[in-house]
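# Architecture and fold: a report
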2 protein chains.
Amino acid sequence: MVMQEADQLDAVFSALSDPTRRAILSRLTAGDASVNELRAPFTMSQPAISKHLKVLERAGLIERRVARQQRPARLNAAPMAQAVRWLDDFKQFWAPSFDQFDTLLEDLKRDKTTREADNE
Amino acid sequence: MVMQEADQLDAVFSALSDPTRRAILSRLTAGDASVNELRAPFTMSQPAISKHLKVLERAGLIERRVARQQRPARLNAAPMAQAVRWLDDFKQFWAPSFDQFDTLLEDLKRDKTTREADNE
DNA sequence: TCATAAAATAACCATATGGTTATGCAAGAG
DNA sequence: CTCTTGCATAACCATATGGTTATTTTATGA
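I will try to describe carefully the structure that is included in this document. Predicted model only: the values in this text are computed from it and were never measured.

Moving on: the relation of the copies chain B and chain A. Once chain B has been moved 0.0 Å along the axis and rotated by 180°, it coincides with chain A to within an RMSD of 0.1 Å. Those values place the two copies in the arrangement expected of a two-fold rotation axis. Looking at the interface residues of chain B, 89% of them are also at the interface in chain A, so both copies use one shared face.

Structure representation (structure tokens):
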């Protein structure tokens, strides 16, 4: 059963709307992790994490393996491409004078990143 | 009261997770529209549309005006930039593999599926 | 075989979400 | 003034979401 494109987008955006799940995805960019490892930064219970993982799995954003007693999660960022593609249609509406000031915007972005780095 | 960056992301992704709201945003790229105009493509009631608009407004994705009896909505795509910036960090996890290893990955996936099928 | 560890599942709870119908209210139009 | 239009708001409902604790499943290891 193949998920409809719209339903897939629903699931992806919905999965990304929770800060815990976004943190889990960010963590997974550093490599696969077991449920307990993913749970470590949080105060919530293990079943809560398992629920979040199920949401991420339904959105196609992670895949599960079996390794010993663990079920490590692996990032699958592919569905994010769909979300980005949808958002790209709006780029012209937030990047005023897209063509001319492209470079300026890049500069601003870099400045912001630098400032954030300074704060840590 | 300024919304926290994370809360803002929550609100944006959450707002985008509904197909009706995405359709409304797409419609607004063609210009401002009244509630009735936005309602036209759908079968749902007017209050339902008003609720969706409230969600979009809380996420900062639209702004409301007052014009005669109408309260037209205007697209404000700026908060989408934040979402795209967050997603950009994951680009490397879906983009690079695409070109060179597309076929290889498909092969691996097929092998895995085959193995799983064998186990059942 | 038995104990332990990792994670899933069940059952439950409070709140959020997405819809409805009914009603209220402000701004033209007659 | 009164009527109508456009929308907001209220009240309600069913289902979804995000958390909990308790229990079960699965795999390792003694």
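Before going further, it helps to examine the interface of chain B and chain A. Interface size is often expressed as the accessible area that is lost when the parts come together. With 28 residues of chain B at the contact, the number on the chain A side is 27 residues. In total, about 2,600 Å² of surface goes out of reach between chain B and chain A, with carbon and sulfur atoms giving 76% of it. Where chain B touches chain A, the interface holds two salt bridges. Of the charged contacts in the structure, one is a salt bridge between Arg22(B) and Asp10(A), with a shortest N-O distance of 2.8 Å. For the side of chain B that touches chain A, the secondary structure elements donating two or more residues are α1 (5-16), α2 (19-28), α5 (78-88) and α6 (91-118) of chain B. Element by element, the count of residues in the side of chain B that touches chain A is highest for α5(B), at nine residues.

Every one of the 21 residues lining DNA strand D counts as a neighbour, but Ser45(A), Lys51(A), His52(A), Ser50(B) and Lys54(B) are closest to it. Taking His52(A), its side chain carries an N or O atom lying 2.2 Å from a phosphate oxygen of DNA strand D. Between Asn36(B) and DNA strand D, the recorded distance is 2.8 Å, taken from a backbone N or O atom to a phosphate oxygen. Of all the secondary structure elements, the ones that give two or more residues to the surface near DNA strand D are α4 (46-58) of chain A together with α3 (35-39) and α4 (46-58) of chain B. Its residues placed into classes, the surface near DNA strand D shows five nonpolar, nine polar and seven charged.

Moving on, we get to the side chain of Arg21(A). Residue and element names in this part refer to chain A. Examined against the element boundaries, Arg21 turns out to sit in helix α2 (residues 19-28). For the buried Arg21, no salt bridge is present, and the opposite-charge side chain at shortest range is Asp18, 4.6 Å distant. Looking at Arg21, its side chain comes within polar contact range of the main-chain oxygen of Ser14, at 3.3 Å. Not counting chain neighbours up to four residues away, the residues in contact with Arg21 comprise Ser14, Ala15, His52, Val55 and Leu56.

Time to look at the protein's contact with DNA strand C. Around DNA strand C, a shell composed of 21 residues is seen, among which Ser50(A), Lys54(A), Ser45(B), Lys51(B) and His52(B) lie nearest. Within the side chain of Gln46(A), an N or O atom sits 2.8 Å from a base nitrogen of DNA strand C. Within the residue set of the surface near DNA strand C, elements represented by two or more residues are α3 (35-39) and α4 of chain A together with α4 of chain B. Looking at the surface near DNA strand C residue by residue, the classes come out as five nonpolar, nine polar and seven charged.

Now for unusual backbone geometry. Backbone geometry places Arg68(A), a non-glycine residue, at a positive phi of 55°. Position of Arg68(A) among the secondary structure elements: in the loop between β1 (62-64) and β2 (73-75).

Let's shift gears to the nonpolar core. Among the nonpolar cores identified, the biggest contains 57 residues, and Leu25(A) and Leu25(B) are the most heavily contacted of them. Apart from the residues within four sequence positions on either side, Leu25(A) is in contact with Leu16(A), Leu56(A), Leu61(A), Ile62(A), Leu75(A), Met80(A), Trp86(B) and Phe90(B).

Reading guide: rules and limits
- Residues numbered from 1 in each chain as written.
- Chains lettered and ligands numbered in written order.
- Predicted model: local features only at pLDDT ≥ 70, side-chain atom pairs only at ≥ 80, totals over all residues.
- Heavy atoms only, no water.
- Least-squares fit on C-alpha atoms with pLDDT ≥ 70 in both.
- Contact = heavy atoms within 4.5 Å.
- Buried area = accessible area lost by both parts, 1.4 Å probe.
- Salt bridge = Lys/Arg side-chain N within 4 Å of Asp/Glu carboxyl O.
- Helix = DSSP H or I, 4+ residues; strand = E, 2+ residues; numbered from the N terminus.
- Near = heavy atom within 4 Å.
- Polar contact = N/O pair within 3.5 Å; in protein donor to acceptor, adjacent residues only side chain to side chain.
- Nonpolar A, V, L, I, M, F, W, Y, C, P; charged D, E, K, R; others polar.
- Buried < 20%, exposed > 50% of the residue type's maximum accessible area, 1.4 Å probe, protein only.
- Lys, Arg positive; Asp, Glu negative; His and termini not counted.
- Core = buried A, V, L, I, M, F, W, Y, C linked by side-chain atoms within 4.5 Å.

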